[in-house]
There are 2 protein chains.
Amino acid sequence: MSDIEIAQKNEEEEMLPVRQIAEKIGLQDSDIELYGDYKAKVKLAALKNRSVPKNHKLILVTSINPTPAGEGKSTVTIGLGDALNQLNKQTIIALREPSLGPVMGIKGGATGGGYAQVVPMEDINLHFTGDMHALTSANNTLAALIDNHIQQGNELDIDQRRISWKRALDINDRALRNVVIGLGGPFQGVPREDGFNITVASELMAILCLATSITDLKQRIAKIVIGYTHKKQPVTVADLKVQGAIAMLLKDALKPNLVQTLEHTPTFIHGGPFANIAHGCNSILATTAALKLADYTVTEAGFGADLGAEKFLDIKVPKLGKHPDAVVIVATVRALKYNGGTALSDLQTENIQALEQGFVNLKRHIQNMQQYGLPVTVSINEFVSDTPAEIKRLQELCHELGVTAVETKVWADGSKGGLTLAKAVLASLEQPVTYHALYDNNSAITDKVATIVKKIYGGDGVEYDTKALRQIKTFTENGWDKLPVCMAKTQYSFTDDPKKLGAPEHFKIHIREFVPDLGAGFIVALTGNVLTMPGLPKKPAALNMDISEDGVITGLF
Amino acid sequence: MSDIEIAQKNEEEEMLPVRQIAEKIGLQDSDIELYGDYKAKVKLAALKNRSVPKNHKLILVTSINPTPAGEGKSTVTIGLGDALNQLNKQTIIALREPSLGPVMGIKGGATGGGYAQVVPMEDINLHFTGDMHALTSANNTLAALIDNHIQQGNELDIDQRRISWKRALDINDRALRNVVIGLGGPFQGVPREDGFNITVASELMAILCLATSITDLKQRIAKIVIGYTHKKQPVTVADLKVQGAIAMLLKDALKPNLVQTLEHTPTFIHGGPFANIAHGCNSILATTAALKLADYTVTEAGFGADLGAEKFLDIKVPKLGKHPDAVVIVATVRALKYNGGTALSDLQTENIQALEQGFVNLKRHIQNMQQYGLPVTVSINEFVSDTPAEIKRLQELCHELGVTAVETKVWADGSKGGLTLAKAVLASLEQPVTYHALYDNNSAITDKVATIVKKIYGGDGVEYDTKALRQIKTFTENGWDKLPVCMAKTQYSFTDDPKKLGAPEHFKIHIREFVPDLGAGFIVALTGNVLTMPGLPKKPAALNMDISEDGVITGLF
């Protein structure tokens, strides 16, 4: 059965009303707002007066660098949460929201797989509770207000060649990456170059995920730099005086969404900033809700540990006020062999040597997480082609680093397939944690970048374009240099070249430009050619999608 | 108190859970999907096996040509529904959904006013249940699939200079009216001219409002003409094979939304196509739901009766399978004096002569509705500046046409201020109805246009541009000529010149182009310069909007 068939069978037969899921974690009817019977938003007021239980354990799931072979990080996250509940450890899962663009493109759904899924999968993958749409609206309302300001006299003297605020759609649409707008004469706006991001790459998404209240949201929005004046002075949303209107458009989107897994584990799915251009974690409010309402929280960070986990630890943790107590790194035999040089078509053949060669990728991620003082467990997400010899060898290699690696079969078996992992994680939670940050925000921008490149990526150093060097000077003068650095890098490699797999050495990271995301509260360092608007493939998933008169969806995955 | 203050006071103190509203009209918990406590969608299955009571009365509210003086059609529609319920006539109101673009621009809210409002007004005016956002997504997913098809080899031989499917946003954004997309080189799409409509002007909105089931929705989407091949053959969504995916994105948007008035009258608010470029009525499914679940339905059509009501009667009624039993035309003394030549700043001064001069506008609308064989009542929507002499004179003038005109004070007094109107409408329902269509769909395109121009607008005839004449030929060859014609005309005048107020005579309507909206099932005739993407004013309403830490919104109206 396909993922959607498994989900639909369960949805029909076994899904619990979300009110019951809420009740399980101590939320009453008055604490939630229903979106149909199986989705709810949690009112912020319901969370305000609760505190995090002293012994709450936060588990972060991350992975090796993603490959076309597939890793299954969300699936493992969900299966681990289910398994912990199965072991009577009261657990909530906290995930990111899928973006509709990739769903229509190559990916199909993004809600786990097999018997480790969140439901109702169709709704979550499509419009869910409208958070993405609210962000798109807010992003584009701001853009329209900027162009209208210029059209109506440009009191703030905004330089239309230096507007950094782009428009956004939650669609994979390469034709909107570079556009010219305002054509058609004096009544149709001021012509200028512009472009569209996918909504999850909007700074507003990062802000939504880092905000702790409506007031904080509004203050962050006010700080967004939308461009520069002709005198090269930054122009902010506060200058335009529309932070109230933009925050108003996000009032519901700010509330965490509650759903369930196939096994009824309460799951918050909320926010989903890109992990290359932004920090790649679900919202502070959702993670905090999970921390407050259970004894264990299982959450994930985007892409590989070099991007998602690093940003979770260096950008999200300081705002969250709680560091993970354990880390799970997801790897597959297939993906490691791919990292070891095996072609996609040969991955089903046993190949211990390729596995050993590709293991260097996992090894560096393990050591990186250990560097933060965190206990690590490796989840070997099972594929049918894995051989016992390959699994055994991988476990040995991990063991040499002092790390337990366990096979996980949650795709095929649900929580039952995750019990070994859950037990290994619980054991790792007994280890002493000596968490410490990677860098000090008060150090220079160049020092922060160098630390990430050397200690996480394993590179030798950093090369800056002239523009980037000039920006470091300006940012420091503007007092923007005390913010954490959010690296915008390819997810496929430790380097800025997506083709360099494994664990490359003796390389430099090339930074061409910085972007001040003052609302989000970090400085983005652009390396290589990071796309913020994906395209559709030759045969988009949309071609296979359909809906019947009874509303039954097919082809979503 | 402002509209939003009245609404908020009521929302806090008196709003009933929408489940109780549903129960009032015979819908059970299992028939609806809650969106919070005060909004719900009605499942299509819940409506399928019900039929329209034999004596059900459908009341259509329309108005004179809109003026900057304000008419208050929605307010009267809501107040009339409340008043009918007050008289123990079981009534449901069926309205259109507000578009977010105008809300952020000049208009503030669009949910009635004073004590004749629908609530929760903030939610309805902002994201509501996400219908607009689903339409925006569906519209732009289709656009991305078209450009991707061309980028990936263009198997269908689509001519990128002849793509008629535009992108859309629910934003007032003049800078997006004319754009160039696909810039940046061979990996960023194929460069071409494009433009954005406001979402309510998308053909998908018209389709959503005319579809009677998911299957019908999908069939209509399949028929959309997205552009032409290099050989000038039409390309449809069916050719692209994505009608399933696009219909899937609209599965929830298709379900009617249920809310309530300040006085708890059940109200469906669903769909809202532009009444200039499209047919300007709420959805067939929502109107049908109202017809099935009550004894009286009060609904409205967009702009003046020359646009909204004409299209309601000639485009919607044949699909609805039920014609109105009575028509209410909303007018104000102020707006009539404005039509009579009085400047905006002088409208508060008594001026019987200007009233008499401007009455010609109302007169033509009255006669137009009588022409369809429908009984007419005029609602004089009260303003504080109206004098007893003006009201009396207006009543006399209407009386001369055999029409009752009653003062309506629903803004100030709610249902109490609408009882006289309700009684007059009930009396009009006793009159014999001899409803007949304006034109025969089987007649030639030019005949249908000429009939509308002569019989509704009062013009002498029609002038066609060469392009339009060529299109008439092609459309007829393609077999598209049997569809009703949807006139895209300024709402401010019976003519195609927005400055010609009153009831102009001896004019021609100039048609420059036709658009085949085969999915919606009509042919749009473009007259003059009809904007399908509004702009923002110098001081957008957004500047005054704010939200407090407790989520209380200010400045929405």
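Quick note: structure is the one above.
Residues numbered from 1 in each chain as written. Chains lettered and ligands numbered in written order. Predicted model: local features only at pLDDT ≥ 70, side-chain atom pairs only at ≥ 80, totals over all residues. Heavy atoms only, no water.

J.: Teacher, can you tell me more about helix α4 (residues 73-86) of chain A here?
T.: Spacing of three or four residues puts side chains on the same side of an α-helix, whose turn is 3.6 residues. Residues and elements named next belong to chain A. Taking 1.5 Å as the rise per residue, α4 with 14 residues should run 20 Å; its terminal C-alpha atoms sit 20 Å apart, in good agreement. Where burial is concerned, most of α4 is hidden: 11 out of the 14 residues are buried. Within the sequence span of α4, burial applies to K73, T75, V76, T77, I78, G79, L80, G81, D82, A83 and L84. With its phi angle positive at about 65 degrees, N88 sits one or two positions after the end of α4. (Helix = DSSP H or I, 4+ residues; strand = E, 2+ residues; numbered from the N terminus. Expected span 1.5 Å × (residues − 1). Buried < 20%, exposed > 50% of the residue type's maximum accessible area, 1.4 Å probe, protein only.)

J.: Which parts of the structure should I look at to understand the pattern of salt bridges?
T.: Two side chains that carry opposite charge are able to pair once their charged atoms sit near each other. Applying the stated criterion across every chain yields a total of 58 salt bridges over all chains. Salt-bridge contacts for D159(B) lead to R161(B); the nearest nitrogen and oxygen are separated by 2.8 Å. Of the charged contacts in the structure, one is a salt bridge between D194(B) and R192(B), with a shortest N-O distance of 3.8 Å. In this structure, a network of salt bridges that share partners links the residues E33(A), K251(A), D252(A), K255(A), K39(B) and D123(B). (Salt bridge = Lys/Arg side-chain N within 4 Å of Asp/Glu carboxyl O.)

J.: When you look at the sheet that holds strand β12 (residues 225-229) of chain B in this model, what are you seeing that I'm missing?
T.: Strands pair in a sheet through their backbones, by hydrogen bonds, and they do so in one of two ways: parallel or antiparallel. Residues and elements named next belong to chain B. Here we have 3 strands laid out as an open sheet, ordered β7-β12-β13, and antiparallel in their pairing. The open sheet has two free edges, formed respectively by β7 (158-163) and β13 (234-236), since each of these has just one partner strand. Pairwise comparison of adjacent strand axes, ignoring direction, gives a mean angle of 50 degrees for this sheet. (Pairing = 2+ DSSP bridges. Axes fitted to C-alpha atoms, helices over the stretch in contact; angles between N-to-C directions.)

J.: Where do I start with the relation of the copies chain A and chain B in this structure?
T.: Copy one and copy two of the chain differ by a rotation about a common axis and a shift along it. Of the transformation superimposing chain A on chain B, the axial component is 0.0 Å and the angular component is 180 degrees, with the fit at an RMSD of 0.0 Å. Taken together, the rotation angle and the small translation identify this as a two-fold axis. In terms of proximity to the rotation axis, the leading residue of chain A is Y35(A), whose C-alpha is 2.2 Å off the axis. Residue by residue, 100% of the interface of chain A is reproduced at the interface of chain B, so both copies engage with the same surface. (Least-squares fit on C-alpha atoms with pLDDT ≥ 70 in both. Contact = heavy atoms within 4.5 Å.)

J.: I would appreciate a short explanation of unusual backbone geometry in the present structure.
T.: Generally, phi is negative for residues other than glycine and the peptide bonds are trans, each holding for most cases. In the segment running from V119(A) into P120(A), the intervening peptide bond is cis, with an omega of 0 degrees. Checked against the element boundaries, P120(A) lands in the loop between β6 (116-119) and α6 (121-125). One non-glycine residue, H264(B), lies in the positive phi region at around 70 degrees. Within the element layout of this structure, H264(B) appears in the loop between β14 (257-261) and β15 (266-269). On the accessibility criterion, H264(B) (18% relative accessible area) is buried. The residue H506(B) is not glycine, and still its phi comes out positive at about 55 degrees. Among the structural elements, H506(B) can be located in the loop between β21 (485-488) and β22 (508-517). You can call H506(B) exposed: its relative accessible area is 68%.

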